[in-house]
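# Summary of the model geometry
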Amino acid sequence: MALAESTEIAYERAFEAHWPDVFRFALAWTNDWGAAEDLAQDAYLRLWDHRDRLDWERPVLPWLLTTTRRLATDRFRGIRRRLSGGGRPTASATFDTDVSARWLDVSAAMSHLSPLERAAIVMTTIEGATYDEAAVVLGTTAGALRAAVSRARTKLETA
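Residues numbered from 1 in each chain as written. Predicted model: local features only at pLDDT ≥ 70, side-chain atom pairs only at ≥ 80, totals over all residues. Heavy atoms only, no water.

## A closer look at the overall build of the chain
Let me state the cut-off plainly: Here a strand is any run of E in DSSP of at least two residues, a helix any run of H or I of at least four, and the numbering for each starts at the N terminus. Categorising residues by exposure relies on relative accessible area from a 1.4 Å probe, with only protein chains included: less than 20% of the type maximum marks a residue as buried, more than 50% marks it as exposed, and the intermediate range marks it as partly exposed. By definition, residues are in contact when any of their heavy atoms lie within 4.5 Å.
Of the regular secondary structure elements, the chain holds seven helices and zero strands. Going from N to C terminus, the chain has its helices and strands arranged as α-α-α-α-α-α-α. Out of the 159 residues belonging to the chain, those deemed buried represent 34%. In the chain, of all internal contacts separated by at least 6 residues, the share reaching a separation of at least 24 is 62%.

Next up, the structure:
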């Protein structure tokens, strides 16, 4: 019983400590507030499902970010299939009309970035991850990540 309780406490601590990071990471990948919330929630659901198999002595944030990236990739593949006629069309997305003008500016600027550039700039600039840490999570090299951040900054400066 004590192990189950300690696992639940570790899960709660991971949620409290990392929810904003996971959400911002998902937002960088999707550029859509609602989709980012869904991805972050799904990542935490997977964490809950795997809570008994995880080593809670190790940092859980890389696991969460990798899971979020994989979920985002699956989401993009599904969208691509639907757009190419490989699936049934769904109802069009609805947008929150109360979104602030500033968020719209950020969203418009971020839409010019590739998913890797968005994730790289968010992880290194906003989250404060090192290039090496971000590269591991994103499944690339530190050099490729530096290039993605450089391209992202250039695009954001001209947007």
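## Details of the packing of aromatic side chains
Which entries qualify depends on this criterion: Between 30 and 60 degrees the pair is tilted, below 30 it is stacked and above 60 it is edge-to-face, where a pair is any two Phe, Tyr or Trp rings, Trp via its six-membered ring, whose centres lie within 6.5 Å. By definition here, charges over rings are those cases where NZ of Lys or CZ of Arg is within 6 Å of the ring centre and within 35 degrees of the ring normal.
Counting across every chain of the model gives eight aromatic pairs. Aromatic pair Tyr-11 and Tyr-44: ring centres 6.2 Å apart, planes at 85°, arrangement edge-to-face. On the criterion of sequence distance, the pair formed by Tyr-11 in helix α1 (residues 2-30) and Tyr-44 in helix α2 (residues 33-49) is long-range, its members being 33 residues apart. As far as the burial class goes, Tyr-11 and Tyr-44 line up, both buried. Here Trp-19 and Tyr-44 contribute two aromatic rings whose centre-to-centre distance is 5.7 Å and whose plane-to-plane angle is 40°, an arrangement assigned as tilted. On the criterion of sequence distance, the pair formed by Trp-19 in helix α1 and Tyr-44 in helix α2 is long-range, its members being 25 residues apart. Exposure remark for Trp-19: the relative accessible area of 22% places this residue in the partly exposed category. We classify Tyr-44 as buried; its relative accessible area is 2%. A cation over an aromatic ring shows up here: Arg-51 above the ring of Trp-48, its NZ or CZ 3.7 Å from the ring centre.

## Some points on the packing of helix α5 (residues 115-126) against helix α6 (residues 131-138)
We count it as follows: The angle between two axes is taken between their N-to-C directions and runs from 0 to 180 degrees, where each axis is a line fitted to C-alpha atoms and a helix contributes only its stretch in contact. The labels follow the angle: roughly parallel below 35 degrees, roughly antiparallel above 145, roughly perpendicular from 65 to 115, and oblique for the rest. The hand of a helix crossing depends on one turn: near helix anticlockwise from the far one by less than a right angle means left-handed, and clockwise means right-handed.
Relative to each other, α5 and α6 sit at 140°, their axes nearing to 10 Å. Of the possible angle classes, the one that applies to α5 and α6 is oblique. Handedness of the crossing formed by α5 with α6: right-handed. Each of Leu-116, Ala-119, Ala-120, Met-123 and Thr-124 in α5 lies in contact with α6, whose residues at this interface are Tyr-131, Ala-134, Val-137 and Leu-138.

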